[in-house]
Amino acid sequence: MLHIEELSASYGEAKVLTSAGLSVAQGEVATLCGRNGAGKTTLLRCVMGLHPGSGKVSLNGTDLRGRKPFERARLGLGWVPDDRGAYATLTVAESLALPPMRSGWSLEQIYEAFPNLYARRGSMSTKLSGGEQQMLALARALRMGSRVLLCDEPTEGLSPLLVQRVGEILRQAKQQGIAVLLVEQNLHFAAEVADSYYLLASGRVQQTSPADKDLLTYLGV
Ligand SMILES: Nc1ncnc2c1ncn2[C@@H]1O[C@H](COP(=O)(O)OP(=O)(O)OP(=O)(O)O)[C@@H](O)[C@H]1O
């Protein structure tokens, strides 16, 4: 579904990605691990078209090179950023009422899956707690009808109960054939949802597994 090949990216002279590649199939959750500063967010940003990169990114066989972020979103990429990206001028209900780009979850489905967002539907998005904003970012991607979710540390700073909720929602998305590229440092959480694991180190990506001692040593867990 999502295929990344020989992706390279830099900030000025500093090379962050050098020939990185990975694939995520329909209904698969692929976890991307790596140390702080390894380039995980940069990789997601390149896939979304938010940072320039050379190499090939394709979605269901469609080459995304040269396409703007909104075009990629229309093709089915959903961005769940680590800074949550809440709209400062919209309430929760207004954020979720934006017309879906594709056929996504209904508002009823969203509010059933995210009861805390239903409770806070009249609040300004930026007044939500960090965890609630994280939920809103995920809810918006599902509401938009995204077929591939690019999730950047969706459990960061969440209470154990909310982490569990995110896990349930990702499993539900998987069952619907949605693919997820998950940047996650919490390997215990990843183990509950992931089908495959990749490690980003020295600008390259290699397939790994949570049982791989090298991975655990590398991540210091
Ligand atoms: N806008 C920027 N300008 C210059 N350098 C940047 C910029 N954004 C990120 N970097 C650098 O690029 C490298 C990769 O950053 P990135 O955020 O992609 O890593 P990461 O693996 O997601 O890290 P973390 O786990 O800490 O979020 C880091 O060394 C970072 O300092």
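Each value, and the rule that gives it
Residues numbered from 1 in each chain as written. Predicted model: local features only at pLDDT ≥ 70, side-chain atom pairs only at ≥ 80, totals over all residues. Helix = DSSP H or I, 4+ residues; strand = E, 2+ residues; numbered from the N terminus. Rg over C-alpha atoms; globule rule 2.2 N^0.38 Å. Buried ≥ 20, exposed ≤ 12 C-beta atoms within 10 Å, placed from the backbone. Pairing = 2+ DSSP bridges. Contact = placed C-beta atoms within 7 Å. Axes fitted to C-alpha atoms, helices over the stretch in contact; angles between N-to-C directions. Core = buried A, V, L, I, M, F, W, Y, C linked by C-beta atoms within 7 Å. Right-handed = clockwise from strand over helix to strand, strands pointing away. Near = placed C-beta within 6 Å. Nonpolar A, V, L, I, M, F, W, Y, C, P; charged D, E, K, R; others polar.

Participant: I keep staring at the overall build of the chain and nothing clicks. Help me out?
Facilitator: Within the chain one finds nine helices and ten strands. For 221 residues, the compact-globule estimate of 2.2 N^0.38 gives 17 Å, and the chain sits close to it at 17 Å. Its C-alpha atoms give the chain principal-axis dimensions of roughly 45 × 40 × 35 Å. Taking all 221 residues of the chain together, the buried fraction comes to 42%.

Participant: What exactly am I supposed to notice about the sheet that holds strand 2 (residues 14-24) here?
Facilitator: The strands that make up a sheet are held in pairs by hydrogen bonds between backbone atoms, and each pair lies either parallel or antiparallel. The antiparallel open sheet is built from four strands, whose spatial order is 2-1-4-5. Of all strands in the sheet, those with a lone pairing partner are strand 2 and strand 5 (62-63), marking the two edges. Both strand 4 (residues 54-59) and strand 5 contribute to a ladder of two bridges, which runs antiparallel. When the bridges of strand 5 are listed, leucine 59 appears paired with threonine 62. Set on the sheet, helix 1 (residues 40-48) makes contact with strand 1 (2-11), strand 2 and strand 4; between it and strand 1 the angle comes to about 115 degrees.

Participant: Please explain the sheet that holds strand 6 (residues 77-80) as it appears in this structure.
Facilitator: Read from one edge to the other, the open sheet built from six strands follows the order 6-7-8-3-9-10, with strand pairing classed as mixed. Two strands lie at the open edges of the sheet, namely strand 6 and strand 10 (204-208), each paired on one side alone. The mean inter-strand angle of the sheet, taken between neighbouring strand axes irrespective of direction, is 20 degrees. The pairing of strand 3 (residues 29-33) with strand 9 (residues 196-201) spans four bridges and is parallel. Bridged to threonine 31 within strand 9 is tyrosine 197. Contacting strand 6 and strand 7 (148-152), helix 6 (residues 130-143) crosses the sheet at an angle of about 170 degrees to strand 6.

Participant: Explain the nonpolar core here, please?
Facilitator: In this structure, Leu150, Val180, Leu181 and Leu182 are the most contacted members of the largest nonpolar core, which totals 64 residues. The leading source of residues in this core is helix 6, at seven residues. Those residues in contact with leucine 182 that lie beyond four places of it in its chain are Val29, Ala30, Thr31, Leu32, Cys151, Ala190 and Ala194.

Participant: Is there a simple way to explain unusual backbone geometry in this structure?
Facilitator: Residues apart from glycine generally show negative phi values, whereas peptide bonds are mostly found in trans. Located in the positive-phi region is glutamate 6, a residue other than glycine, with phi close to 45 degrees. In this structure, glutamate 6 sits in strand 1. The residue glutamate 153 is not glycine, and still its phi comes out positive at about 45 degrees. For glutamate 153, the location among the structural elements is in the loop between strand 7 and helix 7 (160-175). Accessibility expressed as a C-beta count within 10 Å gives 18 for glutamate 153, which makes it partly exposed.

Participant: Please clarify how the environment of tryptophan 105 should be interpreted in this entry.
Facilitator: By the secondary structure assignment, tryptophan 105 is in the loop between helix 3 (92-97) and helix 4 (107-113). The spatial distance from the C-alpha of tryptophan 105 to the C-alpha of valine 24 is 21 Å, given a sequence separation of 81 residues. Setting aside chain neighbours within four positions, we find tryptophan 105 in contact with Ile110, Leu142 and Arg143.

Participant: Sorry if this is basic, but what is going on with the pairing of strand 8 (residues 179-183) here?
Facilitator: Look at any regular strand and the pattern is simple: side chains alternate between the two faces of the sheet. Among the five residues that make up strand 8, five are buried, leaving the element largely enclosed by the rest of the structure. Side-chain alternation along strand 8 places Ala179, Leu181 and Val183 on one buried face and Val180 and Leu182 on a second face that is also buried. Taken together, the four bridges between strand 3 and strand 8 define a ladder with parallel strand orientation. When the sheet's bridge partners are listed, alanine 30 is paired in strand 8 with leucine 181. Bridge count between strand 7 and strand 8: five bridges; the pairing is parallel. Note on strand 8: the bridge partner recorded for aspartate 152 is valine 183. Note on the crossover from strand 7 through helix 7 to strand 8: the handedness is right-handed.

Participant: I keep staring at the site of the ligand and nothing clicks. Help me out?
Facilitator: Tyr11, Val16, Gly34, Asn36, Gly37, Ala38, Gly39, Lys40, Thr41 and Thr42 make up every residue found near the ligand. When residues of the shell around the ligand are assigned to their parent elements, the largest contribution, three residues, is made by helix 1. Its residues assigned to classes, the shell around the ligand shows three nonpolar, six polar and one charged.

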